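# A closer look at the structure
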Amino acid sequence: MISEGKAKATVNGVFYNPRMKFCRDFDIAVFRAIHEKERMVRYLDALSASGIRGIRACLEAGYDVSFNDIDERAVETIKRNLELNGIEAEVYNKDANILMREKRFFHIDIDPFGSPAEFIDSACIYPKYLSVTATDTSALCGSSTASGLRKYGVFAVKTEYYPEVGLRALIGRIFNESAKYDKAVRVLVAFAKEHFYRVHIEFRRSPNAVKRTFSKYGYLFHCPKCLRRYHVRIGEGMDKCECGEKMIMIGPLWLGELHDQNFVEKLESDEKEVSRYINLIRGEIQTPFFYDLHHITKKLNTSPPKLDSVIEALRELGYSASRTRFSGTSFKTDADISEIGRVIMDLKSQPS
Ligand code: SAM
(Lines give C-alpha, C1' and ligand atoms only; values in the text may rest on other atoms or scores of the structure.)
Protein backbone atom coordinates (compact mmCIF):
# COMPACT_ATOMS: atom_id res chain seq x y z
CA MET A 1 0.00 0.00 0.00
CA ILE A 2 1.36 3.42 -0.93
CA SER A 3 0.07 6.87 -0.19
CA GLU A 4 0.84 9.91 -2.34
CA GLY A 5 -0.84 13.31 -2.13
CA LYS A 6 -4.46 12.54 -1.21
CA ALA A 7 -4.38 9.13 -2.90
CA LYS A 8 -3.91 5.65 -1.50
CA ALA A 9 -2.99 2.80 -3.81
CA THR A 10 -1.89 -0.79 -4.02
CA VAL A 11 0.60 -1.60 -6.71
CA ASN A 12 0.43 -5.41 -7.09
CA GLY A 13 3.41 -5.70 -9.39
CA VAL A 14 2.19 -3.08 -11.91
CA PHE A 15 4.37 -0.08 -12.74
CA TYR A 16 4.80 2.50 -9.98
CA ASN A 17 7.84 4.77 -9.71
CA PRO A 18 8.09 6.75 -6.44
CA ARG A 19 10.76 8.96 -8.07
CA MET A 20 8.04 10.39 -10.33
CA LYS A 21 6.19 11.86 -7.34
CA PHE A 22 7.68 15.29 -8.13
CA CYS A 23 6.24 15.06 -11.64
CA ARG A 24 2.79 14.12 -10.31
CA ASP A 25 2.97 16.86 -7.62
CA PHE A 26 3.81 19.38 -10.36
CA ASP A 27 0.93 18.00 -12.48
CA ILE A 28 -1.50 18.80 -9.68
CA ALA A 29 -0.49 22.48 -9.79
CA VAL A 30 -0.97 22.46 -13.58
CA PHE A 31 -4.27 20.54 -13.52
CA ARG A 32 -5.70 22.84 -10.83
CA ALA A 33 -4.88 25.89 -12.96
CA ILE A 34 -6.53 24.27 -16.01
CA HIS A 35 -9.56 23.21 -13.96
CA GLU A 36 -9.87 26.73 -12.57
CA LYS A 37 -10.10 28.07 -16.13
CA GLU A 38 -12.21 25.34 -17.76
CA ARG A 39 -14.37 24.20 -14.78
CA MET A 40 -15.11 20.78 -16.30
CA VAL A 41 -12.15 18.72 -17.53
CA ARG A 42 -12.73 15.27 -19.02
CA TYR A 43 -9.29 13.73 -18.67
CA LEU A 44 -7.88 10.46 -19.94
CA ASP A 45 -5.03 8.88 -18.01
CA ALA A 46 -4.19 6.92 -21.18
CA LEU A 47 -1.40 4.79 -19.71
CA SER A 48 -2.57 4.45 -16.12
CA ALA A 49 -0.63 1.49 -14.60
CA SER A 50 -1.77 1.72 -10.92
CA GLY A 51 -3.93 4.76 -11.76
CA ILE A 52 -2.08 6.94 -9.25
CA ARG A 53 -1.80 9.97 -11.59
CA GLY A 54 -5.46 9.97 -12.57
CA ILE A 55 -6.63 9.29 -9.00
CA ARG A 56 -4.66 12.31 -7.79
CA ALA A 57 -6.03 14.41 -10.70
CA CYS A 58 -9.52 13.50 -9.52
CA LEU A 59 -8.99 13.96 -5.77
CA GLU A 60 -6.68 16.98 -5.84
CA ALA A 61 -7.62 18.91 -9.01
CA GLY A 62 -11.32 18.06 -9.40
CA TYR A 63 -10.79 16.38 -12.79
CA ASP A 64 -13.36 13.99 -14.28
CA VAL A 65 -10.99 11.10 -14.97
CA SER A 66 -11.11 8.03 -17.21
CA PHE A 67 -8.42 5.38 -16.91
CA ASN A 68 -6.87 3.05 -19.43
CA ASP A 69 -4.19 0.40 -19.60
CA ILE A 70 -3.49 -2.35 -22.12
CA ASP A 71 -2.43 -4.70 -19.32
CA GLU A 72 -5.32 -6.59 -17.66
CA ARG A 73 -3.47 -6.80 -14.35
CA ALA A 74 -3.13 -3.01 -14.34
CA VAL A 75 -6.88 -2.67 -15.03
CA GLU A 76 -7.69 -4.89 -12.03
CA THR A 77 -5.32 -2.80 -9.89
CA ILE A 78 -6.86 0.48 -11.06
CA LYS A 79 -10.37 -0.79 -10.20
CA ARG A 80 -9.22 -1.80 -6.74
CA ASN A 81 -7.51 1.55 -6.22
CA LEU A 82 -10.60 3.46 -7.34
CA GLU A 83 -12.62 1.59 -4.71
CA LEU A 84 -9.95 2.32 -2.10
CA ASN A 85 -10.26 6.05 -2.83
CA GLY A 86 -14.06 6.09 -3.18
CA ILE A 87 -13.98 7.10 -6.86
CA GLU A 88 -16.36 5.95 -9.59
CA ALA A 89 -14.83 6.20 -13.05
CA GLU A 90 -14.61 4.55 -16.45
CA VAL A 91 -11.73 2.11 -16.81
CA TYR A 92 -10.72 0.91 -20.28
CA ASN A 93 -8.53 -2.01 -21.24
CA LYS A 94 -7.50 -0.89 -24.71
CA ASP A 95 -4.53 0.06 -26.80
CA ALA A 96 -4.29 3.77 -26.03
CA ASN A 97 -3.90 4.63 -29.72
CA ILE A 98 -7.28 3.05 -30.48
CA LEU A 99 -9.05 4.61 -27.49
CA MET A 100 -7.76 8.12 -28.28
CA ARG A 101 -9.21 7.81 -31.79
CA GLU A 102 -12.54 6.26 -30.68
CA LYS A 103 -13.42 8.63 -27.86
CA ARG A 104 -13.01 12.34 -27.30
CA PHE A 105 -11.33 13.64 -24.18
CA PHE A 106 -10.66 17.25 -23.25
CA HIS A 107 -7.27 16.53 -21.71
CA ILE A 108 -5.10 13.52 -22.54
CA ASP A 109 -2.12 12.36 -20.52
CA ILE A 110 0.58 10.20 -22.10
CA ASP A 111 2.94 8.79 -19.48
CA PRO A 112 4.68 5.80 -21.04
CA PHE A 113 7.59 3.75 -19.91
CA GLY A 114 10.21 5.14 -22.33
CA SER A 115 9.20 6.85 -25.54
CA PRO A 116 5.88 8.62 -26.16
CA ALA A 117 6.66 8.72 -29.93
CA GLU A 118 4.14 6.02 -30.93
CA PHE A 119 1.27 7.81 -29.11
CA ILE A 120 1.77 11.44 -30.13
CA ASP A 121 -0.19 11.33 -33.40
CA SER A 122 -3.40 9.88 -31.89
CA ALA A 123 -3.04 12.06 -28.80
CA CYS A 124 -3.10 15.25 -30.90
CA ILE A 125 -6.40 14.64 -32.71
CA TYR A 126 -9.17 15.59 -30.25
CA PRO A 127 -8.08 17.11 -26.96
CA LYS A 128 -7.66 20.74 -26.04
CA TYR A 129 -4.92 19.88 -23.55
CA LEU A 130 -2.12 17.35 -23.80
CA SER A 131 0.42 16.29 -21.18
CA VAL A 132 3.34 14.12 -22.25
CA THR A 133 6.21 12.45 -20.41
CA ALA A 134 9.30 11.14 -22.19
CA THR A 135 11.96 9.07 -20.46
CA ASP A 136 13.85 8.19 -23.66
CA THR A 137 15.87 11.36 -23.15
CA SER A 138 18.95 9.97 -24.93
CA ALA A 139 16.99 9.73 -28.20
CA LEU A 140 15.82 13.34 -27.88
CA CYS A 141 18.89 15.12 -26.52
CA GLY A 142 21.54 13.83 -28.94
CA SER A 143 23.10 11.04 -26.87
CA SER A 144 21.63 8.52 -29.27
CA THR A 145 21.46 10.29 -32.64
CA ALA A 146 20.14 7.29 -34.58
CA SER A 147 17.24 6.73 -32.12
CA GLY A 148 16.33 10.44 -32.32
CA LEU A 149 16.12 10.24 -36.10
CA ARG A 150 14.15 6.98 -36.02
CA LYS A 151 11.62 7.90 -33.34
CA TYR A 152 11.23 11.65 -33.67
CA GLY A 153 12.72 12.57 -37.07
CA VAL A 154 15.15 14.86 -35.22
CA PHE A 155 18.88 15.05 -35.79
CA ALA A 156 20.73 15.94 -32.59
CA VAL A 157 24.22 15.59 -31.18
CA LYS A 158 25.07 16.01 -27.52
CA THR A 159 25.78 19.59 -26.49
CA GLU A 160 26.47 21.00 -23.04
CA TYR A 161 22.83 22.23 -22.96
CA TYR A 162 21.39 18.87 -24.03
CA PRO A 163 18.31 18.81 -21.72
CA GLU A 164 16.96 21.94 -23.41
CA VAL A 165 17.68 20.53 -26.88
CA GLY A 166 15.86 17.32 -25.94
CA LEU A 167 12.86 19.11 -24.48
CA ARG A 168 12.58 21.33 -27.57
CA ALA A 169 12.91 18.30 -29.85
CA LEU A 170 9.93 16.69 -28.08
CA ILE A 171 7.78 19.85 -28.28
CA GLY A 172 8.81 20.31 -31.91
CA ARG A 173 7.61 16.80 -32.67
CA ILE A 174 4.28 17.39 -30.91
CA PHE A 175 3.81 20.63 -32.86
CA ASN A 176 4.71 18.88 -36.10
CA GLU A 177 2.16 16.10 -35.42
CA SER A 178 -0.62 18.46 -34.35
CA ALA A 179 -0.08 20.91 -37.25
CA LYS A 180 -1.57 18.41 -39.72
CA TYR A 181 -4.81 18.51 -37.68
CA ASP A 182 -4.76 22.34 -37.97
CA LYS A 183 -3.88 22.63 -34.30
CA ALA A 184 -1.34 25.15 -33.02
CA VAL A 185 0.40 24.60 -29.70
CA ARG A 186 0.74 26.88 -26.71
CA VAL A 187 3.29 25.51 -24.27
CA LEU A 188 1.75 25.97 -20.82
CA VAL A 189 4.86 24.69 -19.10
CA ALA A 190 7.62 22.23 -19.96
CA PHE A 191 10.65 21.03 -18.08
CA ALA A 192 13.48 18.51 -17.99
CA LYS A 193 14.32 16.85 -14.70
CA GLU A 194 16.49 13.87 -13.74
CA HIS A 195 15.69 11.17 -16.30
CA PHE A 196 12.49 12.60 -17.80
CA TYR A 197 10.88 15.42 -19.76
CA ARG A 198 7.36 16.66 -19.07
CA VAL A 199 5.34 18.90 -21.38
CA HIS A 200 1.88 20.45 -20.82
CA ILE A 201 0.33 21.90 -23.96
CA GLU A 202 -2.86 23.72 -24.89
CA PHE A 203 -4.02 23.32 -28.50
CA ARG A 204 -5.83 25.86 -30.62
CA ARG A 205 -7.54 24.68 -33.79
CA SER A 206 -6.78 27.29 -36.45
CA PRO A 207 -4.85 26.90 -39.73
CA ASN A 208 -3.69 30.53 -39.43
CA ALA A 209 -2.40 30.00 -35.91
CA VAL A 210 -0.51 26.92 -37.15
CA LYS A 211 1.04 28.99 -39.94
CA ARG A 212 2.13 31.64 -37.46
CA THR A 213 3.46 29.03 -35.04
CA PHE A 214 5.88 27.75 -37.70
CA SER A 215 7.90 30.90 -36.93
CA LYS A 216 8.76 29.15 -33.65
CA TYR A 217 10.02 26.01 -35.33
CA GLY A 218 13.43 25.51 -36.91
CA TYR A 219 17.03 24.54 -36.42
CA LEU A 220 19.81 25.16 -33.97
CA PHE A 221 23.32 25.70 -35.35
CA HIS A 222 25.86 24.83 -32.71
CA CYS A 223 29.56 25.72 -32.85
CA PRO A 224 31.51 23.23 -30.73
CA LYS A 225 34.63 25.42 -30.92
CA CYS A 226 33.54 28.85 -29.69
CA LEU A 227 30.17 27.78 -28.15
CA ARG A 228 28.19 30.21 -30.31
CA ARG A 229 24.66 29.12 -31.25
CA TYR A 230 22.28 30.43 -33.86
CA HIS A 231 18.62 29.48 -34.20
CA VAL A 232 17.33 29.52 -37.71
CA ARG A 233 13.68 29.31 -38.60
CA ILE A 234 12.43 26.97 -41.32
CA GLY A 235 13.36 28.50 -44.69
CA GLU A 236 16.28 30.59 -43.44
CA GLY A 237 19.94 29.76 -44.26
CA MET A 238 23.12 29.38 -42.27
CA ASP A 239 26.75 29.11 -43.24
CA LYS A 240 29.78 29.05 -40.95
CA CYS A 241 30.17 30.29 -37.41
CA GLU A 242 31.62 33.78 -36.91
CA CYS A 243 34.75 32.10 -35.52
CA GLY A 244 35.22 30.25 -38.84
CA GLU A 245 34.33 26.78 -37.53
CA LYS A 246 31.91 24.51 -39.41
CA MET A 247 28.62 24.48 -37.46
CA ILE A 248 26.53 21.45 -36.49
CA MET A 249 22.87 21.64 -37.47
CA ILE A 250 20.45 20.22 -34.87
CA GLY A 251 16.71 19.88 -35.37
CA PRO A 252 14.03 20.53 -36.25
CA LEU A 253 13.28 21.91 -32.79
CA TRP A 254 10.72 24.02 -30.99
CA LEU A 255 12.27 27.49 -30.70
CA GLY A 256 9.32 29.15 -28.97
CA GLU A 257 8.38 29.61 -25.33
CA LEU A 258 8.89 26.87 -22.74
CA HIS A 259 6.17 28.30 -20.53
CA ASP A 260 3.29 30.72 -20.72
CA GLN A 261 4.01 33.49 -18.22
CA ASN A 262 0.34 34.09 -17.31
CA PHE A 263 -0.19 30.37 -16.83
CA VAL A 264 2.81 29.79 -14.58
CA GLU A 265 1.90 32.85 -12.47
CA LYS A 266 -1.24 30.90 -11.52
CA LEU A 267 0.54 27.71 -10.47
CA GLU A 268 0.51 26.92 -6.76
CA SER A 269 1.77 23.94 -4.82
CA ASP A 270 1.99 22.90 -1.16
CA GLU A 271 5.11 20.88 -1.99
CA LYS A 272 8.22 22.97 -1.23
CA GLU A 273 10.33 21.49 -4.02
CA VAL A 274 7.59 22.00 -6.61
CA SER A 275 6.94 25.52 -5.36
CA ARG A 276 10.66 26.40 -5.63
CA TYR A 277 10.77 24.94 -9.13
CA ILE A 278 7.70 26.93 -10.20
CA ASN A 279 9.44 30.11 -8.99
CA LEU A 280 12.56 29.19 -10.93
CA ILE A 281 10.49 28.71 -14.10
CA ARG A 282 8.62 32.00 -13.52
CA GLY A 283 11.91 33.90 -13.36
CA GLU A 284 13.50 32.28 -16.39
CA ILE A 285 13.79 34.33 -19.57
CA GLN A 286 12.45 32.69 -22.73
CA THR A 287 15.59 32.82 -24.90
CA PRO A 288 16.86 29.49 -26.25
CA PHE A 289 19.42 28.01 -25.25
CA PHE A 290 20.99 27.98 -21.78
CA TYR A 291 24.74 28.37 -21.16
CA ASP A 292 26.60 26.20 -18.69
CA LEU A 293 28.99 28.34 -16.65
CA HIS A 294 31.44 25.48 -16.02
CA HIS A 295 31.62 24.57 -19.70
CA ILE A 296 32.39 28.18 -20.65
CA THR A 297 35.02 28.70 -17.94
CA LYS A 298 36.72 25.45 -18.95
CA LYS A 299 37.01 26.85 -22.50
CA LEU A 300 38.32 30.12 -21.04
CA ASN A 301 40.84 28.27 -18.87
CA THR A 302 39.57 29.82 -15.68
CA SER A 303 37.46 28.85 -12.69
CA PRO A 304 33.75 29.75 -12.52
CA PRO A 305 32.74 32.97 -10.73
CA LYS A 306 29.46 32.94 -8.76
CA LEU A 307 26.54 32.25 -11.09
CA ASP A 308 24.46 35.11 -9.67
CA SER A 309 27.31 37.57 -10.16
CA VAL A 310 27.48 36.67 -13.88
CA ILE A 311 23.71 37.14 -14.20
CA GLU A 312 23.90 40.44 -12.33
CA ALA A 313 26.81 41.72 -14.46
CA LEU A 314 24.99 40.84 -17.69
CA ARG A 315 21.88 42.66 -16.47
CA GLU A 316 23.95 45.72 -15.56
CA LEU A 317 25.13 45.79 -19.18
CA GLY A 318 21.51 45.88 -20.33
CA TYR A 319 21.11 42.21 -21.31
CA SER A 320 18.36 39.91 -20.11
CA ALA A 321 19.72 37.12 -17.93
CA SER A 322 18.34 34.59 -15.47
CA ARG A 323 18.86 31.21 -13.88
CA THR A 324 17.33 28.25 -15.73
CA ARG A 325 15.16 25.25 -14.87
CA PHE A 326 17.62 22.97 -16.64
CA SER A 327 20.64 23.08 -14.33
CA GLY A 328 21.91 24.77 -11.18
CA THR A 329 25.22 25.74 -12.82
CA SER A 330 23.65 27.35 -15.88
CA PHE A 331 21.98 30.55 -16.99
CA LYS A 332 20.13 32.10 -19.89
CA THR A 333 20.87 35.37 -21.56
CA ASP A 334 20.41 37.21 -24.83
CA ALA A 335 24.09 38.28 -24.71
CA ASP A 336 26.45 36.79 -27.29
CA ILE A 337 29.10 34.25 -26.18
CA SER A 338 31.93 36.78 -26.66
CA GLU A 339 30.15 39.25 -24.36
CA ILE A 340 29.55 36.48 -21.81
CA GLY A 341 33.27 35.61 -21.96
CA ARG A 342 34.20 39.27 -21.37
CA VAL A 343 31.85 39.50 -18.39
CA ILE A 344 33.29 36.34 -16.84
CA MET A 345 36.90 37.47 -17.32
CA ASP A 346 36.05 40.91 -15.87
CA LEU A 347 34.54 39.26 -12.79
CA LYS A 348 37.60 37.04 -12.42
CA SER A 349 39.93 40.06 -12.55
CA GLN A 350 38.04 41.86 -9.75
CA PRO A 351 39.39 41.39 -6.21
CA SER A 352 37.04 39.06 -4.29
N1 SAM B 1 1.05 6.89 -15.39
C2 SAM B 1 1.59 5.91 -14.48
C3 SAM B 1 2.07 6.54 -13.17
O4 SAM B 1 2.05 7.81 -13.05
O5 SAM B 1 2.49 5.81 -12.29
C6 SAM B 1 2.69 5.09 -15.08
C7 SAM B 1 2.40 4.49 -16.40
S8 SAM B 1 3.56 3.24 -16.86
C9 SAM B 1 5.01 4.12 -17.09
C10 SAM B 1 3.05 2.82 -18.50
C11 SAM B 1 1.83 1.94 -18.58
O12 SAM B 1 1.42 1.95 -19.96
C13 SAM B 1 2.05 0.49 -18.23
O14 SAM B 1 1.16 0.11 -17.20
C15 SAM B 1 1.71 -0.30 -19.52
O16 SAM B 1 0.98 -1.51 -19.29
C17 SAM B 1 0.85 0.69 -20.27
N18 SAM B 1 0.89 0.56 -21.75
C19 SAM B 1 1.95 0.28 -22.55
N20 SAM B 1 1.58 0.31 -23.86
C21 SAM B 1 0.26 0.63 -23.88
C22 SAM B 1 -0.67 0.85 -24.93
N23 SAM B 1 -0.32 0.72 -26.22
N24 SAM B 1 -1.93 1.18 -24.60
C25 SAM B 1 -2.31 1.31 -23.30
N26 SAM B 1 -1.46 1.10 -22.26
C27 SAM B 1 -0.19 0.79 -22.55
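About the thresholds
Residues numbered from 1 in each chain as written. Predicted model: local features only at pLDDT ≥ 70, side-chain atom pairs only at ≥ 80, totals over all residues. Heavy atoms only, no water. Phe/Tyr/Trp six-rings, centres within 6.5 Å; stacked < 30°, edge-to-face > 60°. Helix = DSSP H or I, 4+ residues; strand = E, 2+ residues; numbered from the N terminus. Buried < 20%, exposed > 50% of the residue type's maximum accessible area, 1.4 Å probe, protein only. Pairing = 2+ DSSP bridges. Domains from an automatic or database assignment. Buried area = accessible area lost by both parts, 1.4 Å probe. Salt bridge = Lys/Arg side-chain N within 4 Å of Asp/Glu carboxyl O. Polar contact = N/O pair within 3.5 Å; in protein donor to acceptor, adjacent residues only side chain to side chain. Axes fitted to C-alpha atoms, helices over the stretch in contact; angles between N-to-C directions. Parallel < 35°, antiparallel > 145°, perpendicular 65-115°, else oblique. Left-handed = near helix turned anticlockwise from the far one by under 90°. Contact = heavy atoms within 4.5 Å. Nonpolar A, V, L, I, M, F, W, Y, C, P; charged D, E, K, R; others polar. Core = buried A, V, L, I, M, F, W, Y, C linked by side-chain atoms within 4.5 Å. Near = heavy atom within 4 Å. Areas by Shrake-Rupley, 256 points an atom, 1.4 Å probe, with all protein chains shown as cover. 1 Å grid on protein atoms, 1.4 Å probe; cavity = no way out; pocket = protein on both sides within 12 Å on 5 of 7 lines; lining within 4 Å. Sits in = over half its atoms within 2 Å of the grid points. Points joined across faces, edges and corners; volume = space filled by probe spheres on them.

### Some remarks on the packing of aromatic side chains
Counted according to the given criterion, the structure contains 20 aromatic pairs. Between F22 and F191, the ring centres sit 6.1 Å apart and the planes meet at 90 degrees, which makes this aromatic pair edge-to-face. On the criterion of sequence distance, the pair formed by F22 in helix α1 (residues 21-38) and F191 in strand β8 (residues 183-193) is long-range, its members being 169 residues apart. Take F22 and F191: they sit in the same class, and that class is buried.

### Let's talk about the pairing of strand β11 (residues 229-233)
Across 5 bridges, the pairing between strand β10 (residues 217-222) and β11 is antiparallel. Bridge assignment links H222 to a residue of β11, and that residue is R229. Once β10 ends, the chain turns through 6 residues before running back antiparallel as β11, passing L227 with a positive phi of about 75 degrees.

### Details of the domain arrangement of the chain
Segmentation of the chain into domains returns domain 1 (2-282) and domain 2 (291-349). Relative placement of domain 1 and domain 2: their C-alpha centres are 30 Å apart. Carbon and sulfur atoms supply 59% of the area that domain 1 and domain 2 bury against each other, a total of about 1,300 Å² over both sides. The interface formed by domain 1 and domain 2 contains 2 salt bridges. Between D336 and R228 there is a salt bridge whose closest N-O contact spans 3.3 Å. Linking domain 1 with domain 2 are 8 residue pairs in polar contact (both at pLDDT 80 or more), by the criterion used here. Top element by residues in the side of domain 1 that touches domain 2 is helix α8 (residues 162-179). It accounts for 4 residues.

### Considerations on the packing of helix α5 (residues 117-125) against α8
Two elements in contact, α5 and α8, have axes whose closest approach is 9 Å; the angle formed by their N-to-C orientations is 50 degrees. In this view, α5 runs oblique relative to α8, as classed from their interaxial angle. Remark: the crossing between α5 and α8 carries right-handed chirality. Of the residues in α8, those touching α5 at I120, D121 and C124 are L170, R173, I174, E177 and S178. Residues of the contact of α5 with α8, tallied by class, amount to 4 nonpolar, 1 polar and 3 charged.

### Thoughts on the nonpolar core
Generally speaking, nonpolar side chains in soluble globular proteins are found buried as a group. Residues I110, L130, L170, I171, I174 and L253 are the most contacted members of the largest nonpolar core, which totals 53 residues. Per-element accounting of this core gives the leading share, 8 residues, to α8. Those residues in contact with L170, other than ones at most four positions away along the chain, are P116, I120, A134, L140, Y152, Y197 and V199. Core analysis: the next-biggest nonpolar cluster, separate from the first, contains 39 residues, V14, V41, L267 and I278 among them.

### Points about the pairing of strand β9 (residues 196-205)
A large share of β9 lies buried, amounting to 8 of its 10 residues. The sheet contact formed by strand β7 (residues 129-134) and β9 spans 6 bridges and is antiparallel. Bridging across to β9, S131 finds its partner in H200. Across 10 bridges, β8 lies against β9 in antiparallel orientation. Paired with A192 across the two strands is Y197, which belongs to β9.

### Section: the site of the ligand
Lining the immediate environment of the ligand, one finds 18 residues, of which R24, L47, D69, A96 and D111 sit closest. R24 places a side-chain nitrogen or oxygen 3.1 Å from an oxygen atom of the ligand. Here the ligand loses 86% of its free accessible area of 610 Å² to cover by the protein chains. Assessed atom by atom at 2 Å from the grid points, the ligand resides in the largest pocket.

### Some remarks on the layout of surface pockets
Of the volumes computed, that of the largest pocket is approximately 560 Å³. Considering the residues around the largest pocket, the lining is formed by 28 residues, among which F15, L47, D111, P112 and F113 are closest to the centre. Elements represented by at least two residues in the lining of the largest pocket include exactly α2 (52-61) and α5. Among the residues making up the lining of the largest pocket, the classes are represented as 13 nonpolar, 6 polar and 9 charged.

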